[in-house]
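One letter stands for each residue in the lines below.
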Amino acid sequence: MMKAKCIICDSIVNLDSKSKEAKRLRNHPIRTFMCDDCKSKLDKPKS
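Thresholds, definitions, all that
- Starting afresh in each chain, residues are numbered from 1 along the sequence in its written order.
- Residue-level local features of this predicted model are given only where pLDDT is at least 70; pairs of side-chain atoms are given and counted only at 80 or more, and the full residue set underlies all totals for whole chains, interfaces and linings.
- For the side-chain quantities, the full set of heavy atoms in the structure was used; hydrogens and water were omitted.
- The helix count covers DSSP runs of H or I at least four residues long, the strand count covers runs of E at least two residues long, and both are numbered beginning at the N terminus.
- Partly exposed residues are those whose accessible area sits between 20% and 50% of the maximum for their type, while under 20% is buried and over 50% is exposed, using a 1.4 Å probe and protein chains only.
- Note on contacts: a residue pair is in contact if any heavy atoms of the two residues lie within 4.5 Å.
- Note that accessible areas follow from Shrake-Rupley with a 1.4 Å probe, and for residues the cover is restricted to the protein chains shown.

Going by an unreviewed UniProt entry, the chain carries the name DUF2197 domain-containing protein and comes from Mammaliicoccus fleurettii.

Caption draft 1: Structural detail: the overall build of the chain. Looking only at helices and strands, one finds 2 helices and 2 strands in the chain. What you see in the chain, going N to C, is helices and strands ordered as β-β-α-α. Referenced to the eigenvectors of the C-alpha coordinate spread, the extents of the chain come out at roughly 40 × 20 × 15 Å. When the 47 residues of the chain are sorted by exposure, 19% land in the buried category. Summarising the internal contacts of the chain: among those between residues at least 6 apart in sequence, 31% fall at separations of at least 24. When the accessible surface of the chain is summed, it comes to about 4,100 Å², and 52% of that surface belongs to carbon and sulfur atoms.

If you want it as structure tokens, here you go:
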């Protein structure tokens, strides 16, 4: 398991170490991680 911290809400999420997202974060540490809740908040269109 790999721990990743969300850049918006600072929650810590456990990722499967063999997942695509965990591999991306390991190989490119400058990339940032967002949890699913924050992603869904940003994806909603504003009316």
